[in-house]
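Observations on the three-dimensional arrangement
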Amino acid sequence: MSALALTLLRLGLLALLWFFVLLVASALRRDLIAPPETPLAAGLPGADRARSTSRQRRTRANARVLVVRQGSLAGTKLPLGTSPVTIGRSPDCTLSITDDYASGQHARLRPSEGRWIVEDLGSTNGTWIDRTRITGPTVLEVGAPLRIGQTVLELRK
């Protein structure tokens, strides 16, 4: 093999290696960057149902307690008021959980127009409602399982 062919082969392999490195970096960046904040009025799952009847609005407004169903704090009940609840491993959080798969400031749960909105705060492992990973502010229904790492929480009346 000539020296020119060997040099071109080396440069081609080097370019292919850098292509894969950039591909992996792009995938990591996409997974680690927090999703952009979206206005509450647009695109929230369940937003149309919330406006459909006043009876449903009253039912959602009656969610008074956040209960830890699974995890190290199983059975813990956190009374809900009108202020937001932050969930994560940090001692500054309203609900500080000891879960290796939770971020320091993992998720926020806040009241809005008689319902509770959950949003991921750029966590590494994501925030899940049932089996769906949330990507923006999402309505959390009473009784729906909210999973943060290995901890499962639920809104109750």
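Given the structure is predicted, the values throughout are model-derived calculations rather than measurements. (Residues numbered from 1 in each chain as written. Predicted model: local features only at pLDDT ≥ 70, side-chain atom pairs only at ≥ 80, totals over all residues. Heavy atoms only, no water.)

1. Considerations on the nonpolar core
Grouped together as the largest cluster of nonpolar side chains are 22 residues, with contacts concentrated most on L66, I87, L95, L109, L140, L153 and L155. Of all the elements in the fold, those that place two or more residues in this core are strand 1 (65–70), strand 3 (85–88), strand 5 (107–112), strand 6 (115–120), strand 10 (146–148) and strand 11 (151–156). If we skip the residues at most four places from it in the chain, L95 touches L66, V68, L73, L78, T86, I87, G88 and L153. (Core = buried A, V, L, I, M, F, W, Y, C linked by side-chain atoms within 4.5 Å. Buried < 20%, exposed > 50% of the residue type's maximum accessible area, 1.4 Å probe, protein only. Helix = DSSP H or I, 4+ residues; strand = E, 2+ residues; numbered from the N terminus. Contact = heavy atoms within 4.5 Å.)

2. Some words on the sheet that holds strand 9 (residues 138–140)
The strands making up a sheet associate through hydrogen bonds between their backbones, and the pairing can be parallel or antiparallel. With mixed pairing, five strands are arranged side by side in an open sheet as 4-3-5-6-9. Single-partner strands in this sheet number two, and they are strand 4 (95–96) and strand 9. With two bridges joining them, strand 3 and strand 4 adopt parallel strand pairing. Looking at strand 4, one finds that G88 is bridged to S96. (Pairing = 2+ DSSP bridges.)

3. Some details on the pattern of salt bridges
Where charged atoms from two side chains of opposite charge approach closely, those side chains can pair. Tallying each qualifying case throughout the model produces five salt bridges. One salt bridge connects E154 with R69, and the closest N-O pair in it is separated by 2.6 Å. With E154 in strand 11 and R69 in strand 1, this residue pair connects regions lying 85 residues apart in the sequence. Given a relative accessible area of 11%, E154 falls into the buried group. Here R69 falls in the partly exposed class, since its relative accessible area comes to 35%. Between E113 and R115 there is a salt bridge whose closest N-O contact spans 3.8 Å. Residues participating in the shared-partner salt-bridge network are R69, E154 and R156. (Salt bridge = Lys/Arg side-chain N within 4 Å of Asp/Glu carboxyl O.)

4. With respect to the environment of T151
Note that T151 resides in strand 11. In this structure the C-alpha to C-alpha distance between T151 and Y101, which are 50 residues apart in sequence, comes to 8.9 Å. Residues within four places of T151 in sequence aside, it is in contact with V68, Q70, G71, I97, D99 and L146. A distance of 2.9 Å separates the side chain of T151 from the side chain of D99, its partner in a polar contact. (Polar contact = N/O pair within 3.5 Å; in protein donor to acceptor, adjacent residues only side chain to side chain.)

5. Brief notes about the pairing of strand 11
One face of the sheet, then the other: side chains in a regular strand alternate in exactly this way. Burial analysis of strand 11 places five of its six residues in the buried class, which makes it a mostly covered element. Pairing geometry for strand 10 and strand 11, over three bridges, is antiparallel. Paired with I148 across the strands is T151, a residue of strand 11. Taking the residues that link successive antiparallel strands as the turn, the strand 10-strand 11 hairpin has two residues, and the phi of G149 there is positive, at about 65°.

6. Describing unusual backbone geometry
Leave glycine aside and you will find that most residues have negative phi; peptide bonds, for their part, are mostly trans. Phi angles above zero are rare outside glycine, and E113 is one such case at about 55°. In the Ramachandran plot, D130 falls in the positive-phi region, its phi being about 60° despite a non-glycine side chain. By the secondary structure assignment, D130 is in the loop between strand 7 (127–129) and strand 8 (132–133).

7. Let's talk about the confidence of the model for the protein
For the protein, mean pLDDT is 83; residues scoring 70 or higher make up 81% of the total. Within the protein, the lowest mean pLDDT, 43, falls on helix 3 (residues 54–61), and the highest, 95, falls on strand 10. Scored below 50 in pLDDT, residues 36–44 shows twelve contacts in the model against residues more than four places distant or in partner chains. In this model, residues 46–61 is a region of pLDDT below 50 whose contacts with residues beyond four sequence positions or in other chains number 20 contacts. (pLDDT = per-residue confidence, 0-100.)

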